[in-house]
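Coordinates in review
Residue-level listing of the chains:
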Amino acid sequence: MHFGLTSEQDMIVSTVRSFVENEIYPHEAEVERTGHVPKELGDEIKRKCQELGFYACNFPEEVGGAGLSHVDFTLVERELGRGSMALTHFFGRPQNILMACEGEQKEKYLLPAVRGERMDALAMTEPDAGSDVRGMKCQAVRDGGDWVINGSKHFISGAEHADFFIVFIATGVDDTPRGPKKRITTFLVDRGTPGFEVRDGYNSVSHKGYKNCILYFDNCRLPDAQVLGEVDGGFAVMNEWLYATRITVAAFCVGRARRCFDYALNYAAERKQFGQAIGKFQGVSFQIADMITEIDAADWLTFASAWRLDEGLPANREIASAKVYASEMLAKVTDTTLQIFGGMGLMDDFPIERFWRDARVERIWDGTSEIQRHIISRDLLRPLGA
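Please read all numbers here as calculations on a predicted model, not as lab measurements. (Residues numbered from 1 in each chain as written. Predicted model: local features only at pLDDT ≥ 70, side-chain atom pairs only at ≥ 80, totals over all residues. Heavy atoms only, no water.)

Some words on the layout of surface pockets
- Taken as a whole, the second largest pocket holds about 530 Å³ of empty space.
- Together, 16 residues line the second largest pocket, and His2, Phe3, Val71, Trp300 and Phe303 are the ones closest to its centre.
- Among the secondary structure elements, those contributing two or more residues to the lining of the second largest pocket are α3 (70-80) and α7 (282-310).
- Per-element accounting of the lining of the second largest pocket gives the leading share, 6 residues, to α7.
- Along the lines of polarity and charge, the residues of the lining of the second largest pocket split into 9 nonpolar, 4 polar and 3 charged.
- Counting contributing residues per domain, the lining of the second largest pocket is built from domain 1 (7-115) and domain 3 (244-384), each supplying no fewer than three. (1 Å grid on protein atoms, 1.4 Å probe; cavity = no way out; pocket = protein on both sides within 12 Å on 5 of 7 lines; lining within 4 Å. Points joined across faces, edges and corners; volume = space filled by probe spheres on them. Helix = DSSP H or I, 4+ residues; strand = E, 2+ residues; numbered from the N terminus. Nonpolar A, V, L, I, M, F, W, Y, C, P; charged D, E, K, R; others polar. Domains from an automatic or database assignment.)

Points about the side chain of Arg354
- Mapped onto the elements, Arg354 comes out in helix α9 (residues 352-359).
- Given the relative accessible area of 8%, Arg354 is considered buried.
- Apart from the residues lying within four places of it in its own chain, the contact partners of Arg354 are Glu28, Glu32 and Arg259. (Buried < 20%, exposed > 50% of the residue type's maximum accessible area, 1.4 Å probe, protein only. Contact = heavy atoms within 4.5 Å.)

Side note on α9
- The buried count for α9 comes to 7 of 8 residues, which makes it a mostly enclosed element.
- All of the buried residues in α9 are Ile352, Glu353, Arg354, Phe355, Arg357, Asp358 and Ala359.

Some points on the domain arrangement of the protein
- Considered domain by domain, the protein is made up of domain 1 (7-115), domain 2 (120-235) and domain 3 (244-384).
- A C-alpha centroid distance of 24 Å is found between domain 1 and domain 2.
- Taken together, the contact pairs 19 residues of domain 1 with 20 residues of domain 2.
- Both sides together, the interface formed by domain 1 and domain 2 hides about 1700 Å², and carbon and sulfur atoms give 63% of it.
- Put simply, domain 1 and domain 2 have 1 salt bridge between them.
- Taking the shortest distance from any N to any O, the salt bridge between Lys108 and Asp190 comes out at 3.4 Å. (Buried area = accessible area lost by both parts, 1.4 Å probe. Salt bridge = Lys/Arg side-chain N within 4 Å of Asp/Glu carboxyl O.)

Side note on a nonpolar patch on the surface
- Residues Met344, Leu346, Met347 and Trp356 make up a contiguous nonpolar surface patch of roughly 360 Å² in combined accessible area.
- Along the chain, Leu346 turns up in the loop between α8 (316-341) and α9.
- The class for Leu346 is partly exposed, based on a relative accessible area of 45%. (Patch = residues over 30% accessible without salt bridge, like charges linked within 9 Å, V, L, I, M, F, W, Y side chains within 5 Å. Areas by Shrake-Rupley, 256 points an atom, 1.4 Å probe, with all protein chains shown as cover.)

Take a look at the structure:
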């Protein structure tokens, strides 16, 4: 096994890291203060990303993307994880499930998204359907050749800037030995469609400026042409998307943890108490050792799962392991860094308190830690008949 990066991968890392340091870091404090990214700034980040050739780099070359492998794209996401999510959102990584577009959908949604002409947002979660996806109440009912949709979605990230939405909606119920089981269909919904409204969401302490929104459907009528994939085939589309996003969360956590660790390491070397650098005390030095060990472990777990996808190997359990371990690792690293900084860690003179707040949501979205543990244990026990 070879654990080193190729020269091309080294270039990816250095290019994206330089972009984040030069184009993202300088604006973070203002976005944190205002909770808003000005349109001009978002457009500028998008334009510079396009000039670098990294916009939609997670898409194959035949549709205009950079054609990066899962491992290469994970390197990109790890470096983007160092920066504010509200700003790196404009680096442009459309949902890869748009590859399921067919016919006219390609010209209307896929290709414009890859070119950066239209931005997408994905909508799955509902007030009563988070981890229990099949508990969703937003439903689409057949009416002639159309679908009539009623219900709502919430916690929809990126909706503020989206031109269209990839929405998972219940389209029927099957009776199974375990009780009723809802069928799910994926729809493409344009902003401004009659009966569809995007409203402001909740104020979150995590990732300020990266807003969540609430989607409302009131007798919203959509034709069959807006179905992405097969009718009642939403779970197949969903599972393909979750693979990518859970690796993305893990990679983000590793990148953010490395940035936070740099603060902890430098502070431990410079801050003096009792006549010496606090890093000379084992109470701090051992924490430094534990942090880097766990960061490296999360890094390898994440890239091992991406490598398995590139090799065409089963990766469901490995991806879940990477997501749960990396997100919980980030929580430990941010909390330990804050402890090393002491009272100053809670002041906004440093971004430590922001890292600490932002880290909390990583154990919740894209599948809670409990859901990841369920996936892992089920993968191990089912072959044994348990």
